[in-house]
Amino acid sequence: VLLTLAGGEALKAEGSKLVDLEEASWARQAIAEMAASGVVAGYPGAIYKPYNNVTMLEAVTMLIRMLGLEDQAKAAEEDPVDYRMPSDLYWGRGYLIMAVDLGILDGDYLYLLQPNAPATRTEVAMLAFHALEFEPESGALEFSDADQIPGKYRDGVAAVVKNGIMQGLPGNVFKPNDNINRA
């Protein structure tokens, strides 16, 4: 996975070194770069927890931060909206508002979002597809499990893969229903 995701409620890492990145040495450089740019954060004690699942809200938050819109998201926290928010939303309202404003999420269906549920590889691919405004890629996905990607998402996943945002896993699989972790 080329995306490195962060928790929205996580605190900035103490100091410049996260102490548990050896657990995911393959992602160390990407995590360090994303932490330095403020897209991801560690927990108190300079802990990163690379194998914790990323929630849907955390994935949206990371994308908004990558787009450089965190200040706008924080400012939008109390903005009135004409759509329903998810019922189990405890933080991050402004990030969801920004995602709807940018077309990453659909306000008509936002209330169905489960912000605290782990995000799957397909869900994250589609969030990135919309956030980066890619054109659908109709070329066939060559993963041996491509048939497990719902048809309506295949062109979006293909665009994200073609643009190098995500890649397959060993064994030529995409594992579309697997959860994304912080590494």
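Preceding this paragraph is the structure being described.
Residues numbered from 1 in each chain as written. Predicted model: local features only at pLDDT ≥ 70, side-chain atom pairs only at ≥ 80, totals over all residues. Heavy atoms only, no water.

Please explain the packing of aromatic side chains as it appears in this structure.
Pairs of aromatic rings are described using the distance from one ring centre to the other and the angle between the two planes. Under the defined criterion, the tally for this structure stands at one aromatic pair. Look at Phe143 and Phe174: their rings are 5.4 Å apart centre to centre, the planes differ by 40 degrees, and that puts the pair in the tilted class. A residue pair is termed long-range when its members are at least 10 positions apart, and Phe143 in the loop between helix 5 (121–131) and helix 6 (151–162) and Phe174 in the segment after helix 6 qualify at 31 residues. Taking the relative accessible area as the measure of exposure, Phe174 reaches 0% and is therefore buried. Sitting above the plane of the Tyr48 ring, Arg182 keeps its charged end 4.0 Å from the centroid. (Phe/Tyr/Trp six-rings, centres within 6.5 Å; stacked < 30°, edge-to-face > 60°. Helix = DSSP H or I, 4+ residues; strand = E, 2+ residues; numbered from the N terminus. Buried < 20%, exposed > 50% of the residue type's maximum accessible area, 1.4 Å probe, protein only. Lys NZ or Arg CZ within 6 Å of the ring centre and 35° of its normal.)

Would you mind showing me how to read a nonpolar patch on the surface here?
Taken together, the side chains of Leu67, Leu102 and Leu132 present a nonpolar region at the surface, about 200 Å² in accessible area. In this structure, Leu132 sits in the loop between helix 5 and helix 6. (Patch = residues over 30% accessible without salt bridge, like charges linked within 9 Å, V, L, I, M, F, W, Y side chains within 5 Å. Areas by Shrake-Rupley, 256 points an atom, 1.4 Å probe, with all protein chains shown as cover. Salt bridge = Lys/Arg side-chain N within 4 Å of Asp/Glu carboxyl O.)

Would you explain the pattern of salt bridges in this entry?
Any two side chains of opposite charge can pair, given that their charged atoms come close. Per the counting criterion, the structure on display carries four salt bridges. Its salt-bridge partner being Glu22, residue Arg28 comes within 1.9 Å of it at the nearest N-O pair. Residue class for Arg28 comes out partly exposed when judged on its relative accessible area of 29%. Assessed through its relative accessible area of 53%, Glu22 is described here as exposed. Residues Lys74 and Glu70 are paired through a salt bridge, measuring 3.9 Å at the closest nitrogen-oxygen approach. Highlighted residues: Lys74 and Glu70, both in helix 3 (residues 70–75), separated by four residues, approximately one helical turn. The network of salt bridges with common partners includes Arg65, Glu70 and Lys74.

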